[in-house]
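Examining the three-dimensional arrangement
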Amino acid sequence: MENQQKVQNLIDLRTQAKLGGGEKRIASQHSKGKFTARERIHMLLDEGSFEEFDMFVTHRCNNFSLEKEKYLGDGVITGHGTVDGRTIFVYAQDFTVFGGSLSETMALKICKVMDMAMKMGCPVIGINDSGGARIQEGVTSLAGYAEIFQRNIMASGVIPQISAIFGPCAGGAVYSPALTDFILMTEQNSYMFVTGPKVVKSVTGEDISTEDLGGADVHASKSGVSHFRVEDEQTGIETIRELISYLPQNNLEEAPIEDGGDPISRLEDALNTIIPDNPNMPYDMKSVISGIVDCNKFLEIHKDYARNIIVGFARFNGVSTGIIANQPNFLAGVLDCNASRKAARFVRFCDAFNIPILTLVDVPGFLPGSSQEYAGIIIHGAKLMFAFGEATVPKVTVTIRKSYGGAHDVMSCKQLRGDFNYAWPTAEIAVMGAAGAIEVLEGRAISAIKDPEEKAKFVNDKVAEYKDKFANPYQAASYGYIDDVIEPRNTRFRVIRAFQALQTKKVVNPLKKHSNIPL
Ligand code: HXC
């Protein structure tokens, strides 16, 4: 072959590789409202930044006459590029080639980018759209999955790992995304389950649709498997880009500073009147969050799951910060099993990646009852306590209103190594609420009073006495458990000043193989 022809041959091979499983299958992909793997990567990365690996890899399987059907790239596009100028490694399964099913060689390609990401200390993003293990390959495909899983595990806490589900993700294949830090699903076309509707029907008799079994809605609101539910792929890609902007490249770096121009000392007057006089009335904690963070910008995670607690990223004076906040607007902000697990996972992510934590507290306690006890609220609550207590990143806590009982301790109190613990004057820090406390303390005296009016007066007086003593932040402040009582409208300034002072914080946990968080 002449040299010029060799060059032309390369160009032709590249053109062929870019067609994946062919034009017909690309058209079929588009007809389902889906982008191709290559289009997705180009949408995700900065324009012109994509560098591809392994375009000429093909499978090595001869079962079922598969040697007659080979596609350049073998069902996954891999490589690196930049998002806002920062390098990331990426892979996207190509559904047009054997339904994006995982072969031995596809696994090798994915493992290669994961190894590169680890070596370079960069995030890795996987775009999933696959029929699972390539059936013709048998056990080599299963081994390939396990190679990926092992790398997911080793990369955990070292580089951020993000999974987008833009199509099927079923069987054991679900476990790679599940091992990563964040999962994002599209409302149309994406689903995740360990066993599909047909197997469910044959084993349990249950008739259920793909959507109801493992669609984006189910995993965003019921199982909590998915952190983001997005309308379409375009929104999904934008969300991933935004998410990455809050994250460092790896566990030895810090997230990039992005100065939005919001003044540090901006007062948010509305916060002075946001707390209702009636302690049983709710308000929206998201208004508190958006009032204090830079440019009112907050990226909420797990938005539709365990809505009694809010978690997500924002910036203070340009510094990426994780926020955990009880939401009085939903179940009064109580801590239950799901809220505890959701928040614990988020706290651990922030701690692993050097992201400071702000905790906003308004919690009436743990949700009582047999269903919570049977579901293991003891262990799940302990997870959140463990996560806060183990975290060594800067931790600032602001108690907004209620902070009762065990939930007070859990929500990043002073003794769980909260660095700066502030309270609003509306804070109530006590063992329990006034009515419940008087019931316990004065039960016998109350039942001894026969006259209803006299009884009501007795109870009211006792409740008032209790509130006077405990329904405020000053008892905690008198012990130094609260560092200062702050004016609500000045919260942004005080929080930023606290994080500034904590910039040089250095705390190291005792040397150990690993902790034994109550799983
Ligand atoms: C090989 C596969 C495949 C697979 C799909 N294809 N899945 N090839 N192995 N697992 C091929 C099809 O033959 C077809 O080829 C093309 O991909 C598109 O598939 P369609 O069925 O036409 O597409 P669609 O109607 O959209 O249905 C998609 C699907 C379905 C729901 C994913 O293909 C499906 O049910 N596939 C099998 C899923 C499955 O059971 N996988 C194994 C799970 S167990 P042509 O040539 O027509 O384009 C598993 C274990 C992992 O994954 C364990 C890890 C530890």
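Placed above this text is the structure.
The notes below deal with the structure included here.

Strand order in this open sheet of seven strands is β1-β2-β3-β4-β5-β7-β9, and the pairing throughout is mixed. Strands at the two margins of the open sheet, each flanked by one partner only, are β1 (51–53) and β9 (228–230). Taking the axes of each pair of neighbouring strands and ignoring which way they run, one obtains an average angle of 20° across the sheet. In this structure, strand β5 (residues 161–165) lies alongside strand β7 (residues 182–186), joined through four bridges in parallel fashion. Bridging from a neighbouring strand, I162 pairs with F182 of β7. Packed on one face of the sheet, helix α3 (residues 37–44) meets β1, β2 (76–83), β3 (86–93) and β4 (124–128) and runs near 160° to β3.

Next up on the list: the site of the ligand. In the vicinity of the ligand lie 18 residues, with R25, G99, G131, A133 and I135 positioned nearest. The separation between a nitrogen atom of the ligand and a polar main-chain atom of G131 is 2.6 Å. Between the ligand and A133 there is a distance of 2.8 Å, counted from an oxygen atom to a backbone nitrogen or oxygen. Contact with the protein chains hides 53% of the accessible area of the ligand, taken as 1000 Å² for the molecule alone. Of the residues assigned to the shell around the ligand, the class counts are nine nonpolar, six polar and three charged.

What follows is about the packing of aromatic side chains. Per the counting criterion, the structure on display carries 14 aromatic pairs. Between the aromatic rings of F182 and F228, the centroid separation amounts to 6.4 Å while the plane-to-plane angle is 50°, which identifies the pairing as tilted. Here F228 lies in strand β9 and F182 lies in strand β7, a separation of 46 residues in the sequence. Across the pair, exposure class does not vary: F182 and F228 are buried alike.

Attention shifts here to the pairing of β4. Among the five residues of β4, five are classified as buried, and the element is accordingly described as predominantly covered. Alternating residues of β4 divide into V124, G126 and N128 and I125 and I127, and every residue in both groups is buried. Alignment of β3 against β4, held across four bridges, turns out to be parallel. Residue pairing across strands places Y91 opposite G126, the latter belonging to β4. Two strands pair when backbone bridges link them, and β4 and β5 are joined in this way by five bridges, in the parallel orientation.

It is worth spelling out the packing of helix α16 (residues 434–448) against helix α17 (residues 452–470) at this point. Viewed as axis vectors pointing N to C, α16 and α17 meet at an angle of 140°, and their least axial separation amounts to 10 Å. Comparing their axes, α17 and α16 come out oblique. In this structure, α16 crosses over α17, and the sense of that crossing is right-handed. Counting all contacts with α16, which are made through A434, A435, A437, I438, E442, A445, I446 and S447, the residues of α17 involved are K455, F458, V459, K462, V463, Y466 and K467.

Now for the side chain of S245. Relative to the assigned elements, S245 resides in helix α10 (residues 233–245). Setting aside residues up to four positions removed in sequence, S245 forms contacts with R86, P256, E258 and R315.

Here we come to a nonpolar patch on the surface. Where nonpolar side chains cluster on the molecular surface, the patch consists of V431, M432, V440 and L441 and spans about 420 Å² of accessible area. Considering the arrangement of structural elements, one finds M432 in the loop between β16 (428–430) and α16.

Side chains that differ in charge, positive against negative, can pair when their charged atoms come close. In total, this model carries 31 salt bridges according to the counting rule given. For D115, the salt bridge identified is with R151, shortest N-O distance 2.8 Å. Of this pair, D115 sits in helix α4 (residues 104–120) while R151 sits in helix α5 (residues 139–155), and the two are 36 residues apart along the sequence. Through salt bridges with shared partners, a single network forms among D262, R266, E268, D294 and R492.

With that settled, consider unusual backbone geometry. With phi around 60°, S65 is a residue other than glycine that occupies positive phi space. Tracing the chain through its elements places S65 in the loop between β1 and β2. Overall, S65 belongs to the partly exposed group, its relative accessible area being 39%. You will see that A332, though not glycine, has its phi angle at about 60°, which is positive.

Membership of the largest hydrophobic core comes to 56 residues, with the highest contact counts inside it found for F182, L247, F313, I324, L335 and L384. At seven residues, the largest contribution of residues to this core is made by helix α12 (residues 337–352). Discounting residues that sit within four places of it in the chain, I324 has contacts with I309, I310, V311, A343, F346, V347, I357, L358, T359, L360, F388 and M411. In terms of nonpolar packing, the next biggest core, distinct from the first, is built from 27 residues, V293, A325, V495 and I496 among them.

Rules behind the numbers
- Throughout, residues of each chain are indexed from 1 in the direction in which the sequence is written.
- Totals for whole chains, interfaces and linings use all residues, but because this is a predicted model, local features are given only for residues with pLDDT of at least 70 and pairs of side-chain atoms are given and counted only at 80 or more.
- Side-chain calculation: all heavy atoms of the structure are included, whereas hydrogens and water are not.
- At least two bridges found by DSSP between two strands are what make those strands a pair.
- Working definition: helices are DSSP H or I runs of at least four residues, strands are E runs of at least two. Numbering for both runs from the N terminus.
- Lines fitted to C-alpha atoms define the axes, with helix axes restricted to the stretch in contact, and inter-axis angles between N-to-C directions lie between 0 and 180 degrees.
- Contacts are assigned to residue pairs with any non-hydrogen atoms lying within 4.5 Å of each other.
- Nearness here has a simple test: a residue counts as near a molecule or strand if at least one of its heavy atoms is within 4 Å of that partner.
- What qualifies as a polar contact is a pair of N or O atoms within 3.5 Å, subject to a donor-acceptor requirement within protein and to the restriction that residues adjacent in sequence count only when both atoms come from side chains.
- Here the accessible surface of atoms and residues is derived via Shrake-Rupley with a 1.4 Å probe, and residues count as covered only by protein chains that are part of the display.
- Side-chain classes follow a simple rule in which Ala, Val, Leu, Ile, Met, Phe, Trp, Tyr, Cys and Pro form the nonpolar group, Asp, Glu, Lys and Arg form the charged group, and the remainder, Gly included, forms the polar group.
- Side-chain rings of Phe, Tyr and Trp (the six-membered ring for Trp) are treated as a pair once their centres are within 6.5 Å; stacked means planes under 30 degrees apart, edge-to-face means over 60, and tilted covers the remaining angles.
- Each residue's exposure class comes from its accessible area (1.4 Å probe, protein chains only) as a fraction of the maximum for that residue type: buried when under 20%, exposed when over 50%, partly exposed otherwise.
- Oblique is the label for every angle not falling under 35 degrees (roughly parallel), over 145 degrees (roughly antiparallel), or within 65 to 115 degrees (roughly perpendicular).
- Handedness of each helix crossing follows the sense of rotation of the near helix against the far helix: counterclockwise by less than a right angle gives left-handed, clockwise gives right-handed.
- Here a patch means residues that are over 30% exposed by relative accessible area and free of salt bridges, tied together within 9 Å if like-charged and within 5 Å if nonpolar (Val, Leu, Ile, Met, Phe, Trp, Tyr).
- Whenever Lys or Arg places a side-chain nitrogen within 4 Å of a carboxyl oxygen from Asp or Glu, that contact is recorded as a salt bridge.
- Nonpolar cores are built from buried Ala, Val, Leu, Ile, Met, Phe, Trp, Tyr and Cys residues. Side-chain atoms within 4.5 Å join them into one set.

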